[in-house]
Amino acid sequence: MSADYHANRLYRVAMFVKTGSGASDEDRARFVADVGRYFADQCSIEDALGLRLDKGENHPAFSLKLARRNDALRAAAAMLGAATPANARKIADWLKGYRSNGWLRDRDASVCPHAIRGRIEAHLWVALKARDHLIDWKQIQKVIGTPMELISASEFQGGG
């Protein structure tokens, strides 16, 4: 299984500890067993939790940032009504314009600024907060055109 898979499980357990919800009984039991293995086998915490990265594998935090950015781009597309190439171009133009203007003012905010809430710029703020990097309209089209079923399936690339 991938480090992303294990990191997602670890994140759910952390959210459970923080909020009291978000992790299944199986997630929590697996976490307890992994921590037990860390002490019993005297292995690294990465090995115990299944977080050792394979060569060429992205760090799970990077994958999470991309997922947040992509969700925000999909939400922006939804405001426009459809995941069309024309709308991908509009989003790319808005993203570029916002990043060179409003983002300079808004980037240090810890929550979405009130002035842009409910507007497409709010989704652009979330996208840039997740990953401050411009992408072209073709990449945006790939992101907004990916069916949610494929996204969900790709989260479990390690097989479970």
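Our structure's up above, just so we're on the same page.
The rules behind these values
- Residues numbered from 1 in each chain as written.
- Predicted model: local features only at pLDDT ≥ 70, side-chain atom pairs only at ≥ 80, totals over all residues.
- Heavy atoms only, no water.
- Helix = DSSP H or I, 4+ residues; strand = E, 2+ residues; numbered from the N terminus.
- Buried < 20%, exposed > 50% of the residue type's maximum accessible area, 1.4 Å probe, protein only.
- Contact = heavy atoms within 4.5 Å.
- Lys, Arg positive; Asp, Glu negative; His and termini not counted.
- Charge placed at Lys NZ, Arg CZ, Asp CG, Glu CD.
- Arc of directions from axis to C-beta.
- Core = buried A, V, L, I, M, F, W, Y, C linked by side-chain atoms within 4.5 Å.
- Expected span 1.5 Å × (residues − 1).
- Phe/Tyr/Trp six-rings, centres within 6.5 Å; stacked < 30°, edge-to-face > 60°.
- Lys NZ or Arg CZ within 6 Å of the ring centre and 35° of its normal.

Chemist: Help me get a handle on the overall build of the protein, residues and values and all.
Modeler: Secondary structure assignment for the protein yields 9 helices and 0 strands. Along the first, second and third principal axes, the C-alpha atoms of the protein reach 55 × 30 × 30 Å. Counting all 160 residues of the protein, 29% fall into the buried class. A separation of at least 24 residues holds for 66% of the contacts in the protein among residues at least 6 apart in sequence. Here the protein carries 24 positive and 19 negative side-chain charges, and the mean point of each set is 8 Å from the other.

Chemist: Pulling in residues and values, what's your account of helix α8 (residues 137-145)?
Modeler: Restricting attention to buried positions, one finds in α8 the residues Ile 140, Gln 141, Val 143 and Ile 144. One face of α8 carries all of its buried residues, which in axial projection span an arc of 165°. Facing away from the buried side of α8, by more than 90 degrees, are the exposed residues Lys 138 and Lys 142.

Chemist: Provide a residue-level description of the nonpolar core, including the pertinent values.
Modeler: Formed by 22 residues in total, the largest nonpolar core has its most connected members in Leu 73, Ile 91, Tyr 98, Ile 116, Trp 125, Ile 140 and Ile 144. Secondary-structure elements contributing two or more residues to this core are α4 (60-80), α5 (85-100), α7 (120-130) and α8. Take this core: its biggest share by element is 6 residues, from α7. The residues contacting Leu 73, other than those within four sequence positions of it, are Ile 91, Ala 127, Ile 135, Ile 140, Val 143 and Ile 144.

Chemist: Help me get a handle on the environment of Lys 65, residues and values and all.
Modeler: Looking at the secondary structure, you find Lys 65 in helix α4. Owing to a relative accessible area of 42%, Lys 65 belongs among the partly exposed residues under this scheme.

Chemist: Provide a residue-level description of helix α2 (residues 25-41), including the pertinent values.
Modeler: Taking 1.5 Å per residue, 17 residues should reach 24 Å; α2 reaches 24 Å between its end C-alpha atoms and fits that length. Downstream of α2 by one or two residues, Gln 42 has phi in the positive range, about 50°.

Chemist: Explain the packing of aromatic side chains to me, and be specific about the residues and the numbers.
Modeler: Counted by the stated rule, this structure contains 2 aromatic pairs. Residues Tyr 38 and Phe 39 carry aromatic rings whose centres are separated by 5.0 Å and whose planes lie at 75° to one another, so their mutual orientation is edge-to-face. With a relative accessible area of 29%, Tyr 38 lands in the partly exposed category. Across from the ring centre of Phe 16, 4.3 Å away, lies the NZ or CZ of Arg 28, which sits over that ring. Sitting over the face of the ring of Trp 137, Arg 89 holds its NZ or CZ atom 3.8 Å from the ring centroid.

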